[in-house]
Amino acid sequence: MVSIKTVAVLGGTGNLGPSIVHHLLSAGFTVTGLTRASSTNSTPVYPDSVTVHKVDFASFDSLRSALDGQDAVVSVVGSPGVAAQKLAVDAAVAAGVKRFIPSEFGVNTRKVRDRPIGRILREKVEVVDYLIGREGEISWTGVSTGLFFDWGLEKHGLSTINLGDKTSSVVDSGNEKFQVSTLAQVGRAVVKILQHPEETKNKYLVTSSFQVSQNEIIKTVEELTGEKYPVVKREKAEDLQKAGEEKLAVGDYRAFIDFLRAYNNADGAGNAVSEEESANGLIGLEYEDLRESVREWLVKAGVLS
Ligand SMILES: NC(=O)c1ccc[n+]([C@@H]2O[C@H](COP(=O)([O-])OP(=O)(O)OC[C@H]3O[C@@H](n4cnc5c(N)ncnc54)[C@H](OP(=O)(O)O)[C@@H]3O)[C@@H](O)[C@H]2O)c1
């Protein structure tokens, strides 16, 4: 029976990494952080209990020696580092690492590989393909988490709620449900995967906090604040899709946001996670509460006390 105790986190210094590192440490894993020698992160972003190695992500030897003694690798590298994960897989194999979790954590790239949005996510798709090709040497688990709910609300009101002028905007009817996870839930999902190495071996999993629609978010904000957030803008998913395709045709990868909004919000998109598709049950990951998550955001934003 494989047991995972030591975990190397690649790129744990960005938006998602700190939550994963926090949950790994809380669950008792020994965590090592691999950070680029060229990293411009100036503050100590890993907690003191994490051993940090500065590595050259383009050097097999540098990665190989930093991965010595690690049972698992969790890669949380941002987009510019996605393709370089193949070398990290090679180094992990050489170092005898048992499990590699690649930087996925979003749209189910297995499902969209042949769609326009999949073209933007091509490097992620190729890394999972690469891991599948090396299954005899190292095991892997990919995880699609959907949109980061709290992060998305904080950054863009999930493109639905504008706290500033107390308005909202929706794509299509606003009734389509989509897959979301809070950053904490992604951290818990990674922990559960590593605590269930056999059940999660060589699988692409789909987890979430809950499925939600734009209208449910607006309704929840209105109920919690006791104020109206009238819809002042309506966009059509087909227009977003078209705008994305035009951008992609000229190599403008900002197309991703247009595609993503259409993917999540188009009427009939069907990209919410069904019970059969969900791996929450497999790994023992409890769903979260929409109202509580929105309340936390509103408190953080100073709208509720
Ligand atoms: N579902 C969602 O809503 C959502 C939202 C955002 C991100 N994501 C996904 O979550 C994962 C992590 O994203 P993130 O936003 O946390 O990433 P990020 O903040 O952009 O970057 C994470 C870390 O990656 C490292 N890095 C940057 N460039 C690199 C390179 N060229 N080579 C190697 N490492 C590099 C850096 O660490 P060091 O400086 O320490 O080297 C950086 O702090 C990605 O797969 C991303 O697509 C999903």
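It should be emphasised that the depicted structure is a prediction, and the values quoted were computed from it without experimental measurement.

### Re the site of the ligand
Neighbouring the ligand are 24 residues, the closest being Thr13, Asn15, Thr35, Ser39 and Ser103. Within the backbone of Gly14, an N or O atom sits 3.5 Å from an oxygen atom of the ligand. Contact between the ligand and Asn15: an oxygen atom at 2.7 Å from a side-chain N or O atom of the residue. If the ligand stood free it would expose 910 Å²; the protein chains cover 83% of that surface. A molecule is said to occupy a pocket when more than half its atoms come within 2 Å of that pocket's grid points, and by this definition the ligand occupies the largest pocket. Contributions of two or more residues to the shell around the ligand are made by β2 (30-36) and β7 (147-148). Counted by class, the shell around the ligand contains 9 nonpolar, 12 polar and 3 charged residues.

### What to know about the layout of surface pockets
Here the largest pocket is characterised by a volume of approximately 1,500 Å³. Lining the largest pocket are 49 residues, with Asn15, Gly78, Ser79, Lys124 and Trp151 sitting closest to its centre. When residues in the lining of the largest pocket are grouped by element, the largest group, 6 residues, is from helix α11 (residues 255-265). Among the residues making up the lining of the largest pocket, the classes are represented as 21 nonpolar, 21 polar and 7 charged. Two domains each donate at least three residues to the lining of the largest pocket, and these are domain 1 (6-146 + 181-206) and domain 2 (147-179 + 210-270 + 287-300).

### As for the side chain of Asp150
For Asp150, the position within the fold is in helix α7 (residues 149-156). In this structure, Asp150 is buried with no salt-bridge partner, the nearest side chain bearing the opposite charge being Lys300 at 5.6 Å. Contact partners of Asp150, with chain neighbours within four places excluded, come to Ser181, Thr182 and Leu183.

### Section: the sheet that holds strand β9 (residues 167-171)
One open sheet holds the 3 strands; their spatial order is β8-β9-β13, and the pairing between them is mixed. Two strands in the sheet have a free side with no partner beyond their single neighbour: β8 (161-162) and β13 (231-235). In this structure, β8 lies alongside β9, joined through 2 bridges in antiparallel fashion. Directly across from Asn162, in β9, lies its bridge partner Thr167.

### Structural notes on the domain arrangement of the protein
Structurally, the protein comprises domain 1 (6-146 + 181-206) and domain 2 (147-179 + 210-270 + 287-300). Just the C-alpha atoms count here: the centres of domain 1 and domain 2 sit 27 Å apart. Each side of the interface is counted separately: domain 1 has 24 residues, and domain 2 has 20 residues. Buried area between domain 1 and domain 2, both sides added, is near 1,800 Å², and the carbon and sulfur share of it is 63%. Remark: the boundary between domain 1 and domain 2 carries 1 salt bridge. Our count for the contact surface shared by domain 1 and domain 2 stands at 8 residue pairs in polar contact (both at pLDDT 80 or more). Taken together, the elements giving at least two residues each to the side of domain 1 that touches domain 2 come down to α4 (109-112), α5 (116-120) and α8 (183-195).

### Digging into the nonpolar core
Among soluble globular proteins, nonpolar side chains are generally buried collectively. One finds Val7, Val9, Ile20, Leu24, Val74, Phe105 and Leu194 to be the most contacted residues of the largest nonpolar core, which totals 29 residues. Among the elements that line this core, the one with the most residues is α8, at 7 residues. Setting aside its immediate chain neighbours within four residues, Leu24 contacts Val7, Val9, Phe29, Val31, Val190, Val191 and Leu194. Within the second largest apolar cluster, 25 residues are counted, among which are Ala95, Val128, Leu131 and Tyr204.

### Some remarks on the pairing of strand β6 (residues 139-144)
Of all 6 residues in β6, 6 are buried; the element is thus mostly enclosed. Alternating positions in β6 separate into two faces, Ser139, Thr141 and Val143 on one and Trp140, Gly142 and Ser144 on the other, with burial throughout. As paired strands, strand β5 (residues 99-101) and β6 are joined by 2 bridges and run parallel to one another. Of the residues in β6, the one forming a bridge with Phe100 is Trp140. Bridge count for β6 against strand β11 (residues 203-206) is 4 bridges, and the pairing is parallel. Residue Gly142 lies in a different strand from β11, and its bridge partner there is Tyr204.

### Side note on α8
Helix length check: α8 (13 residues) gives 19 Å between terminal C-alpha atoms against 18 Å at 1.5 Å per residue, within 8%. What α8 keeps buried is the set Leu183, Gln185, Val186, Gly187, Ala189, Val190, Val191, Ile193 and Leu194.

### A look at the packing of aromatic side chains
Counting across every chain of the model gives 2 aromatic pairs. Ring centres of Phe148 and Trp151 lie 6.0 Å apart, and the angle between their planes is 80°; on these two criteria the pair is classed as edge-to-face. Ring geometry for Phe149 and Phe210: centres 5.1 Å apart, planes at 80°, overall edge-to-face. Taken together, the positions of Phe149 in helix α7 and Phe210 in strand β12 (residues 210-213) put the pair 61 residues apart, joining distant regions of the chain.

The rules we used
Residues numbered from 1 in each chain as written. Predicted model: local features only at pLDDT ≥ 70, side-chain atom pairs only at ≥ 80, totals over all residues. Heavy atoms only, no water. Near = heavy atom within 4 Å. Polar contact = N/O pair within 3.5 Å; in protein donor to acceptor, adjacent residues only side chain to side chain. Areas by Shrake-Rupley, 256 points an atom, 1.4 Å probe, with all protein chains shown as cover. 1 Å grid on protein atoms, 1.4 Å probe; cavity = no way out; pocket = protein on both sides within 12 Å on 5 of 7 lines; lining within 4 Å. Sits in = over half its atoms within 2 Å of the grid points. Helix = DSSP H or I, 4+ residues; strand = E, 2+ residues; numbered from the N terminus. Nonpolar A, V, L, I, M, F, W, Y, C, P; charged D, E, K, R; others polar. Points joined across faces, edges and corners; volume = space filled by probe spheres on them. Domains from an automatic or database assignment. Buried < 20%, exposed > 50% of the residue type's maximum accessible area, 1.4 Å probe, protein only. Lys, Arg positive; Asp, Glu negative; His and termini not counted. Salt bridge = Lys/Arg side-chain N within 4 Å of Asp/Glu carboxyl O. Contact = heavy atoms within 4.5 Å. Pairing = 2+ DSSP bridges. Buried area = accessible area lost by both parts, 1.4 Å probe. Core = buried A, V, L, I, M, F, W, Y, C linked by side-chain atoms within 4.5 Å. Expected span 1.5 Å × (residues − 1). Phe/Tyr/Trp six-rings, centres within 6.5 Å; stacked < 30°, edge-to-face > 60°.

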